[in-house]
Amino acid sequence: MNKEQKEVLSLLTEIDKICRKHGITYFLSPQLTLCSVTGQPFPGNPNAGVVYMKIGDMEQFRLALEQEMPERRILESMNNNKRFPGFFLRYTNMDTLDFRLNEGRNFRYPGIGVNILPLRGKISSRFRHLWNRVEEVGWIEMGDFYGDKRGKKKFLCRMFMRLRCITGRARLGRSLYRHFCKRQDVENTGEYVLRLKKKAVYFPRETFEAVRKVKLEGKTFCAPENLELYLAKYYGKEYRTKVFEKYIPKSSEMVSALVSYEDYFQEVGSQKSFIKKRNRARRKDTYGKNRRKYLTWCWNYAKFCGFRIELERYYLEKKDYIENLYRNKDYPALEEIFAPYTKAMVKSLKNNEIFAPDEELLEIFLDVLEKTGRTALKDRVEKFWR
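Residues numbered from 1 in each chain as written. Predicted model: local features only at pLDDT ≥ 70, side-chain atom pairs only at ≥ 80, totals over all residues. Heavy atoms only, no water.

*Asks:* Quick question: what am I supposed to make of the pattern of salt bridges here?
*Replies:* One side chain can pair with another of opposite charge once the charged atoms of both are near each other. With the rule as written, the count across this model stands at 21 salt bridges. Ionic pairing is found between E68 and K21, a salt bridge with its closest N-O pair at 3.1 Å. Of this pair, E68 sits in the loop between helix 3 (55-67) and strand 3 (73-76) while K21 sits in helix 1 (residues 3-22), and the two are 47 residues apart along the sequence. Look at E68 and you get partly exposed, because its relative accessible area is 49%. (Salt bridge = Lys/Arg side-chain N within 4 Å of Asp/Glu carboxyl O. Helix = DSSP H or I, 4+ residues; strand = E, 2+ residues; numbered from the N terminus. Buried < 20%, exposed > 50% of the residue type's maximum accessible area, 1.4 Å probe, protein only.)

*Asks:* Please explain empty space enclosed by the protein as it appears in this structure.
*Replies:* Rolled over the atoms, a probe sized like a water molecule indicates the empty space that remains. Tallied over the entire structure, the rule returns 1 cavity of 30 Å³ or more. If you go around the largest cavity, the residues you meet are D98, F99, R100, E103, G104, N106, F107, P110 and Q271. A total of 3 residues in the lining of the largest cavity trace back to one element, the largest contributor, which is strand 5 (residues 97-100). Partitioning the lining of the largest cavity into residue classes produces 3 nonpolar, 3 polar and 3 charged. (1 Å grid on protein atoms, 1.4 Å probe; cavity = no way out; pocket = protein on both sides within 12 Å on 5 of 7 lines; lining within 4 Å. Points joined across faces, edges and corners; volume = space filled by probe spheres on them. Nonpolar A, V, L, I, M, F, W, Y, C, P; charged D, E, K, R; others polar.)

*Asks:* Where do I start with the nonpolar core in this structure?
*Replies:* Grouped together as the largest cluster of nonpolar side chains are 61 residues, with contacts concentrated most on L12, M53, F61 and I116. If you look at the next biggest cluster of nonpolar residues, it comprises 23 residues, including L311, Y315, F355 and L362. (Core = buried A, V, L, I, M, F, W, Y, C linked by side-chain atoms within 4.5 Å.)

*Asks:* It is not clear to me how the environment of V186 should be interpreted in this structure. Could you clarify?
*Replies:* Here V186 shows up in the loop between helix 6 (169-184) and strand 7 (191-195). According to the relative accessible area criterion, V186 is partly exposed, its value standing at 26%. For V186 and Y331, which are 145 residues apart along the polypeptide, the C-alpha to C-alpha distance reads 65 Å. Apart from the residues within four sequence positions on either side, V186 is in contact with G121 and K122. (Contact = heavy atoms within 4.5 Å.)

*Asks:* Hey, could you run me through the packing of helix 10 (residues 319-327) against helix 13 (residues 359-371) in this one?
*Replies:* Each pair of packed helices can be described by the angle between their axes along with the distance between the axes. Where helix 10 contacts helix 13, the axes come no closer than 11 Å and their chain directions differ by 40 degrees. Viewed along their axes, helix 10 and helix 13 adopt a mutual orientation that is oblique. Where helix 10 crosses over helix 13, the handedness of that crossing is left-handed. Every residue of helix 13 that contacts helix 10 at K319, I322, E323 and Y326 is listed here: E360, L361, I364 and D367. (Axes fitted to C-alpha atoms, helices over the stretch in contact; angles between N-to-C directions. Parallel < 35°, antiparallel > 145°, perpendicular 65-115°, else oblique. Left-handed = near helix turned anticlockwise from the far one by under 90°.)

*Asks:* Just checking my understanding: could you explain unusual backbone geometry for this structure?
*Replies:* Most peptide bonds are trans, and most residues other than glycine sit at a negative phi. The phi dihedral of R72 falls on the positive side, at around 60 degrees, and the residue is not glycine. In this fold, R72 is placed in the loop between helix 3 and strand 3. Assessed through its relative accessible area of 30%, R72 is described here as partly exposed. One non-glycine residue, E217, adopts positive backbone phi at about 55 degrees. Within the secondary structure layout, E217 lies in the loop between strand 9 (211-216) and strand 10 (219-224). When its relative accessible area of 38% is taken as the criterion, E217 is described as partly exposed.

Below, the structure written as structure tokens:
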């Protein structure tokens, strides 16, 4: 194990110790649990340190650390960081560095840490569920996630939450955290919902009814009693064949277990100025990519126009032969000879135009499309031609 892996394992051990002291139940993430079951090596990704807690236990954990925080450790959440990127907790070692450029100012203390994700109960009311999702998605979208594409729904959620920030973003974060805890801490829920960045996983209630001990790198941790159900729900029935990809550090991530984030930013400049430089570079890169994309399109379109001129000559030379086939109703032969014509037409439609070297040939082509069952393409061509 390298120093970063050992640091993540050490933080997991500290969380286990705190939970045993205060009677809090937690569960290792499926990835770490699978490593303990199959004997795979500890994940190399410094962000692989993840545990799950039911919302009541998660809140108890937060309150316990507010009373007695270990030295040089910090627990971040929406409750104490106005830019925190979601409804979860992050337990961080302040003597380390784990700064991700693409996440900007999301974490006030960018050190190596363990994420504590909530196991949410299902909200019975459909309206309350949708309202909860609007608020949560809106809050997440206000965070710094450079490079992520945002649809219209996410944009509207974001604008709604920005309007609510009039009273103060920090105050709104604390209020939302309390509301999320209250709404999703559902007693006797039939399922527990785990919401990740790109998917949601639904676990039956019995998955987390009992706890068992598992060994990971010689340390003892907690996992669900029914490991088969837990891992099959997350990875599928063939979970034992799951092999994790080797971790390759990204150029946009700075990770170290030897240097603290405070020393790092003292050397390179403040975090705020560092992110501003990153934003300027990203905007220049985006402009350059868009320009290259446009020039590439112009070149490809010029080549396509040359190809169409050659194709027009070919079909005008073959016009008498094609009309003869059409009079004899030889549609299989017509479909074959019109194959290049069809490809050119489809590509032309993408550029909001049609390929029509001759009106009589186009009439024959449309009739062939109808006879061969390609009515959708026929309708698209007619919209431009009629």
